[in-house]
Structures are given as structure tokens and as C-alpha cells.
Amino acid sequence: MAIRKKTNKNPSVFSHEFIIQNHADIVSCVAMVFLLGLMFEVTAKVAVFFVTVQYNVTITTNEGPDETSINFFHHGLKDLATVFFYMLVAIIMHAIIQEYVLDKINRRMHFSKTKHSKFNESGQLSAFYLCSCVWGASILVSEHFLSNPVRLWEGYPHTLMSFQMKFFYICQMGYWLHALPELYFQKTKKEDFLRQLVYIGLYLVQIGGAYLLNLNRLGLVLLVLHYFVELLFHVSRLLYFSNENKQGGFTIWAILFVLGRLLTLSLSVLTIGFGLAGSEQQGLDLSSGNFNVLIVRITVLAVICVTQAFMMWKFINFQLRRWREHAQTQPMKKKPVATKSKSSKKENKANGVNGAVASNGADSPRARKEKSS
């Protein structure tokens with residue numbers, strides 16, 4: 001994410017710079033069109049596809065003396081319109097957090113270009129992961145998935161979802177889709193573009209796969225687990241940028257990251273490899289949403305295992321790089337620095353960069369001796 005340079009010259013209308021500077025206002029106007037469409041009878045039938053959750057199913061139960069009606073939802077093609085609208089909402093929220101929170105902190109902290117980019121990334125993702133963790137955990141508790149893990153595969157296919165469950169998936173897909181145009185809006189550097197694209201693609205493929213294959217219960221548990229670990233990493237990075245001595249969070253994150261990968265693989269194998277494999281509902285039936293066949297189970301497990309292996313490989317490389325950097329800084333800290341006179345102290349203070357002393361030929365004792373002679 002590059003730093004935007006403010007200039008007095010106004011860019012021409014519909015130029016690249018104009019769209020980048022005003023993209024939040026443009027997207028807000030587009031979103032307002034859909035909201036205003038709900039106010040008129042002619043356009044309300046179309047606008048409702050974008051704003052509200054579709055495919056409502058009402059089921060009546062006879063529990064107790066009175067009949068109760070419960071609303072459930074299933075997925076369909078109309079969800080694409082809803083995902084598109086909430087992608088626009090995510091772009092607007094991204095701009096609000098950036099302008100009213102992160103930019104103000106950046107002005108006070110005076111970060112370098114590299115830290116500025118990473119701080120913005122961690123700030124945005126921390127807000128998203130925190131909301132998603134709290135929201136997802138509340139669904140897990142209300143649906144009793146934690147107290148009764150058998151429900152992760154019992155009764156498959158899980159075609160019917162509660163409103164909170166479906167809306168959670170709609171918002172998740174909308175958020176990660178919004179990250180694609182943000183690569184352009186935030187002027188992502190070429191060296192970071194591919195990394196971000198792979199990162200976004202993995203989220204979209206796995207969230208969309210869990211949604212379409214009716215594995216929404218397992219997907220929800222794995223998402224909350226993964227988001228919690230990622231939240232800890234980005235919060236630790238924010239604390240590190242504020243004070244470089246605060247590195248304890250990275251140690252806790254490293255431990256939980258490995259445990260999270262093991263727990264993800266265990267739950268996936270338990271649910272897909274044992275739970276669904278022993279289920280009575282076997283076979284491929286698109287009309288009922290049943291994908292419980294061997295080839296699908298193997299494909300899903302392979303995607304999860306490859307993703308976890310890829311993340312572990314990135315994690316190991318990250319830890320090795322940190323250890324090398326730490327090993328290189330240790331000799332620099334132990335190296336004694338001669339400070340005999342007041343003038344040498346002033347020179348050391350002037351040449352210090354981030355706690356290290358930068359020396360050059362003009363300040364060396366040999367050079368001063370030759371000059372005096």
C-alpha cells in the first residue's frame with residue numbers, strides 16, 4: 001500500500017488519480033442507488049436482491065402447545081447480487097477506517113514507507129478479524145457447534161442455514177472480493193501484488209467452496225479458528241510498530257499458529273474423512289445439495305492440507321528470517337563504542353539511526369589526525 005502524495009493540482013475527471021482519490025465517494029453513490037431503489041415500488045423488486053438476504057424458507061414446528069415458525073435460508077444465484085452490494089459496503093468501511101483512524105495515527109507516529117504500508121494492512125485486517133471472530137463465535141455458541149461437535153457432519157447436507165450463518169458468509173465473500181479493487185485503489189506495489197492476490201484467492205476459494213458444498217458448519221469453525229490466530233499476529237505487529245521492544249506477542253502467535261494448523265487438519269479429517277464417510281447420505285445429488293462422494297471428499301481434504309502446508313512453509317521462512325536478523329543485530333549491540341570527548345558524543349548522537357551508530361570516513365580518528373598534521 002503506497003503513500004498517497006497530496007498535490008495542489010486537481011486531477012482531471014475520471015482519470016486514474018481522480019478515481020483513486022475519490023473511490024470511496026463514487027462507491028457510496030453507487031450503494032445509495034440500491035438503497036434509494038427500495039423506496040419506489042417500480043425498482044424495489046430489483047433492489048431487494050442486492051440489499052436483503054435471499055432464498056427464505058419458513059419451517060413450522062410443533063414444539064410445545066403452540067406452533068412456532070423458524071426462518072432458514074439456502075444459497076442460490078441471487079446471492080451474487082447480495083455479495084456485490086456488501087462488497088461496496090466493505091469498500092466504504094475500508095475508506096472510513098483508513099481516513100478517520102489509521103491516517104491520524106500515521107501522522108503522529110511518522111512511520112517510514114515500509115512501516116506505513118504494513119501498519120495500514122495490519123490495521124485494516126485487525127478490525128475485520130476482530131469483528132469476524134466475535135460474530136462467528138456468537139454463531140458457534142448459539143448453534144451449539146462447540147458443545148456438540150457431531151453436528152459438524154450430522155444431518156449432511158446442511159442446505160438450510162440460519163440468517164446469521166448465511167449473512168456471515170455473504171459478508172465474508174463481500175469483504176474478500178472488495179480486496180481485489182483495493183489493490184488498485186491503494187496503489188499496491190508490484191512486488192506485493194502477487195502475494196496479495198494469492199492471499200485473497202485462497203480465502204475466496206475456500207470460503208466459497210464451504211458455502212457451495214454445504215460444508216458451512218465446518219467452514220465456520222475453521223474460519224473462527226484461523227481468524228483468531230491472524231488477529232493475534234496483526235495486533236502484535238501493531239504493538240511492535242508503536243514500540244519495537246514489544247515482541248512478546250509474536251512468540252504467543254508462533255505457538256498458536258502451529259496449534260491452529262494441527263487443529264484445522266484434525267477437525268477436517270474428523271469431519272470429512274470419518275464423519276461424512278460414515279454418513280448414510282452418500283452419493284452426488286445436485287438437487288438436494290448432496291456432494292458426499294469419495295472424489296469430492298478427497299478434493300476438499302487435499303485443498304485444506306495443501307493450504308495448511310503452504311502456510312507452514314511461509315511461517316517457517318518467516319521465523320528463519322527473523323532469527324537471522326536477530327543474529328545479525330546481536331554483534332552490533334555488543335560492539336563497544338569509544339566516547340572520550342564531548343565532541344565524539346555529539347557526533348555519535350547525530351549519526352545514530354534506530355539505536356545503531358552510523359560511521360563514515362570523515363568521522364574516523366585516522367582522518368582527523370591526518371587533517372591536523
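Okay, so let's go over this structure. Keep in mind that this is a model prediction, so the values were computed, not measured. (Residues numbered from 1 in each chain as written. Predicted model: local features only at pLDDT ≥ 70, side-chain atom pairs only at ≥ 80, totals over all residues. Heavy atoms only, no water.)

### Quick notes on a positive patch on the surface
Taken together, the side chains of Lys 118, Lys 314, Arg 321 and Arg 324 define a basic patch exposed on the protein surface. Among the elements that take part in the positive patch, helix H10 (residues 294-334) stands out by supplying three residues, more than any other. By secondary structure assignment, the location of Lys 314 is in helix H10. For Lys 314, a relative accessible area of 41% puts it in the partly exposed group. (Patch = residues over 30% accessible without salt bridge, like charges linked within 9 Å, V, L, I, M, F, W, Y side chains within 5 Å. Areas by Shrake-Rupley, 256 points an atom, 1.4 Å probe, with all protein chains shown as cover. Salt bridge = Lys/Arg side-chain N within 4 Å of Asp/Glu carboxyl O. Lys, Arg positive; Asp, Glu negative; His and termini not counted. Charge placed at Lys NZ, Arg CZ, Asp CG, Glu CD. Helix = DSSP H or I, 4+ residues; strand = E, 2+ residues; numbered from the N terminus. Buried < 20%, exposed > 50% of the residue type's maximum accessible area, 1.4 Å probe, protein only.)

### Brief notes about the environment of Val 101
The residue Val 101 is located in helix H4 (residues 79-109) in this model. Separated by 19 residues in sequence, Val 101 and Asn 120 place their C-alpha atoms 9.9 Å apart.

### Describing helix H3 (residues 41-51)
Residues of H3 that are buried include every one of Ala 47, Phe 50 and Val 51, and no others. Along the axis of H3, the buried positions cluster into a sector of 75°, meaning they face one direction only. In H3, the exposed residues that point more than 90 degrees away from the buried face are Glu 41 and Lys 45. In this fold, the buried residues of H3 make contact with helix H2 (23-37) and H4. (Arc of directions from axis to C-beta. Contact = heavy atoms within 4.5 Å.)

### So, the pattern of salt bridges
Close approach of charged atoms allows side chains of opposite charge to pair. The final tally for this structure, using the stated rule, is five salt bridges. The partner of Glu 121 in a salt bridge is Arg 195, and the shortest N-O contact between them spans 3.7 Å. Here Glu 121, found in helix H5 (residues 113-142), pairs with Arg 195, found in helix H7 (residues 190-212); they are 74 residues apart in sequence, far enough to count as distant. Taking relative accessible area as the criterion, Glu 121 reaches 14% and is therefore assigned buried.

### Topic: the side chain of Ser 122
With respect to the helices, strands and loops of the structure, Ser 122 is situated in helix H5. Residues within four places of Ser 122 in sequence aside, it is in contact with His 234, Arg 237 and Leu 238.

### What about the packing of H2 against H3?
Relative orientation of the contacting elements H2 and H3 amounts to 125°, with a least axis distance of 7 Å. The angle between H2 and H3 places the two elements in the oblique class. Between H2 and H3 lies a crossing whose hand is left-handed. Judged by residue contacts, Phe 34, Leu 35 and Gly 37 of H2 engage Thr 43, Ala 44, Ala 47, Phe 50 and Val 51 from H3. In terms of residue class, the contact of H2 with H3 is made up of six nonpolar, two polar and no charged. (Axes fitted to C-alpha atoms, helices over the stretch in contact; angles between N-to-C directions. Parallel < 35°, antiparallel > 145°, perpendicular 65-115°, else oblique. Left-handed = near helix turned anticlockwise from the far one by under 90°. Nonpolar A, V, L, I, M, F, W, Y, C, P; charged D, E, K, R; others polar.)

### Observations concerning unusual backbone geometry
For the peptide bond that leads from Tyr 156 to Pro 157, omega is 5°, which places it in the cis range. Structurally, Pro 157 can be placed in the loop between H5 and helix H6 (163-185). For Tyr 55, which is not glycine, the phi dihedral falls at a positive 65°. Here Tyr 55 lies in the loop between H3 and strand S1 (56-61). Relative accessible area serves as the criterion here: at 22%, Tyr 55 is assigned to the partly exposed category.

### A word on the environment of Val 30
Structurally, the position occupied by Val 30 is in helix H2. Look at Val 30 and you get partly exposed, because its relative accessible area is 35%. C-alpha of Val 30 to C-alpha of Phe 85: the two residues are 55 residues apart in sequence and 9.2 Å apart in space.

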